[in-house]
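One-letter residues, chain by chain:
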Amino acid sequence: MKDELFAWWDANARDLPWRFGRTTPWGILISEVMSQQTQMSRVVQYWNSWMEVWPDAASLARASAAEVITAWGRLGYPRRALRLQECAKVVAERYRNELPRTYDELVALPGIGDYTASAVMSFAFGERIAVIDTNVRRVLWRTFKGEESLGGATKPAERRLAEALLPRDARESVKWNEALIELGALVCTAKNPKIDEDPWAGHNRFYAAGCPHMGERRTRPRQSFKGTNRQVRGIVLNALRSLAGEGKSSLPRPEVEKLWADRIQLDACIATLDDDGLIEIAPDGSLRLPR
């Protein structure tokens, strides 16, 4: 099965700018953080622009918060941008601008969890470690257990399966991780798997069983974006990002109030943006990005 997966990867892997040894460990970390809950087609453009301006931790650490939030653009969950900068400051100061090479040190960095630390260990440093995201869990659980991989945090049984199947050779383990993530993203997808294109279709117990309970999750149904606090927060941030192009530093309160009709919801969202450190509120009610 390993040979089938590797042959598929060699023929179908997307040519992303951070793959195939073309970037630094820091560039790989940036790509992993940006890719969380974001379509890859959107990430590439932002990653290229980001790395051109801030190619290492030290350069990002020196940037202003306003620059970082603006550059994050529409990637979503902008708090990640500030956490990345916090991470950059630690890497620049504590590790002399080089990412630490152990899992424990990586996962202790601001904003870095198990998946990102594991991905950096594998893809940047070539270490043998299971990289487990939603795609990997879905591919392995469907193929070897014949069941849908449900939502929520990674379960002990899913981790044991991933670790048991990981090739012993470190170089092969890196390729295995990359290929599983790609297979789950492109072929063994949540709702419309391309069974005819799956290199493991002949071994996949889930397909053989007729894809029982496909796409089910134990998590709450995804909320529509329209009208949500997340949409309002995005509207406020986008308005503040555009100020630099207009030669302004802050958005007056009357202009703020035009952004959203529901004043109560608007003020609540402004308060959460302030709590997250994404904006600053002046005494007169005007808003600006943090400096």
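Before going into details, it helps to say that this report is about the structure given with it. (Residues numbered from 1 in each chain as written. Predicted model: local features only at pLDDT ≥ 70, side-chain atom pairs only at ≥ 80, totals over all residues. Heavy atoms only, no water.)

Assigned secondary structure in the protein chain consists of 15 helices and two strands. Its C-alpha atoms put the protein chain at 65 × 45 × 30 Å along the principal axes. Counting across all 291 residues of the protein chain, residues that qualify as buried make up 46%. By sequence separation, contacts in the protein chain at least 24 residues apart represent 62% of the contacts at least 6 residues apart. A total accessible area of about 15,200 Å² is found for the protein chain, and carbon and sulfur atoms account for 49% of it. Of the charged side chains in the protein chain, 42 are positive and 38 negative, and the gap between their average positions amounts to 3 Å. (Helix = DSSP H or I, 4+ residues; strand = E, 2+ residues; numbered from the N terminus. Buried < 20%, exposed > 50% of the residue type's maximum accessible area, 1.4 Å probe, protein only. Contact = heavy atoms within 4.5 Å. Areas by Shrake-Rupley, 256 points an atom, 1.4 Å probe, with all protein chains shown as cover. Lys, Arg positive; Asp, Glu negative; His and termini not counted. Charge placed at Lys NZ, Arg CZ, Asp CG, Glu CD.)

Okay, the packing of aromatic side chains next. In total, this model carries seven aromatic pairs according to the counting rule given. Between Trp176 and Trp200, the ring centres sit 5.6 Å apart and the planes meet at 50°, which makes this aromatic pair tilted. Pair noted here: Trp176 is in helix H11 (residues 170-186) and Trp200 is in the loop between H11 and helix H12 (205-208), with a separation of 24 residues, a long-range link. Exposure class is identical for Trp176 and Trp200. Each is buried. (Phe/Tyr/Trp six-rings, centres within 6.5 Å; stacked < 30°, edge-to-face > 60°.)

Attention now moves to helix H3 (residues 40-53). Look at H3: 20 Å from first C-alpha to last across 14 residues, which is about the 20 Å you get at 1.5 Å a residue. When we look at burial in H3, the residues that qualify are Val43, Trp47, Trp50 and Met51. On the buried face of H3, the contacting elements are helix H2 (25-35), helix H4 (57-62), helix H5 (65-72) and helix H6 (79-94). (Expected span 1.5 Å × (residues − 1).)

What follows concerns H6. For H6, with 16 residues, the first-to-last C-alpha span of 23 Å sits near the 22 Å given by 1.5 Å per residue. Listed as buried for H6 are Arg80, Ala81, Leu82, Leu84, Gln85, Cys87, Ala88, Val90 and Val91. Looking at the packing, one finds that the buried side of H6 touches H2, H3, H4 and H5. Downstream of H6 by one or two residues, Arg96 has phi in the positive range, about 55°.

The next subject is the side chain of Asp198. Mapped onto the elements, Asp198 comes out in the loop between H11 and H12. One buried charge, Asp198, has no salt-bridge partner; the nearest side chain with opposite charge is Arg142, at 7.1 Å. One polar contact links Asp198 to Tyr207, side chain to side chain, over a distance of 2.7 Å. In this view, Asp198 contacts Leu183, Val187, Cys188, Asn204 and Tyr207; residues no more than four positions away in its chain are not counted. (Salt bridge = Lys/Arg side-chain N within 4 Å of Asp/Glu carboxyl O. Polar contact = N/O pair within 3.5 Å; in protein donor to acceptor, adjacent residues only side chain to side chain.)

Examined against the element boundaries, Arg233 turns out to sit in helix H13 (residues 229-241). Take Arg233: its relative accessible area is 17%, and that puts it in the buried class. With 155 residues separating them in the primary sequence, Arg233 and Pro78 have C-alpha atoms 9.7 Å apart. Sequence-distant contacts of Arg233, defined by excluding residues within four places in its chain, comprise Cys269, Thr272, Leu273, Asp276 and Leu278.

Below, the discussion takes up the pattern of salt bridges. Within the structure shown, the criterion is met by 16 salt bridges. Its salt-bridge partner being Asp15, residue Arg22 comes within 2.6 Å of it at the nearest N-O pair. Residue classification places Arg22 among the partly exposed positions, given a relative accessible area of 45%. On the basis of relative accessible area, Asp15 is assigned to the exposed category, the value being 57%. A salt bridge links Glu255 to Lys258, with the nearest nitrogen and oxygen atoms 3.3 Å apart. Exposure remark for Glu255: the relative accessible area of 35% places this residue in the partly exposed category.

Here we take up the nonpolar core. The biggest cluster of nonpolar side chains holds 34 residues, and the ones touching the most others in it are Trp26, Leu29, Ile30, Trp50 and Leu99. The dominant element in this core, judged by the number of residues it contributes, is H6, at six residues. The contact partners of Trp50, leaving out residues within four places of it in the chain, are Ile30, Met34, Leu60, Val68, Ala71, Trp72 and Leu84. Counting residues in each nonpolar core, the second largest holds 30 residues, with Val131, Val139, Val174 and Leu183 among its members. (Core = buried A, V, L, I, M, F, W, Y, C linked by side-chain atoms within 4.5 Å.)

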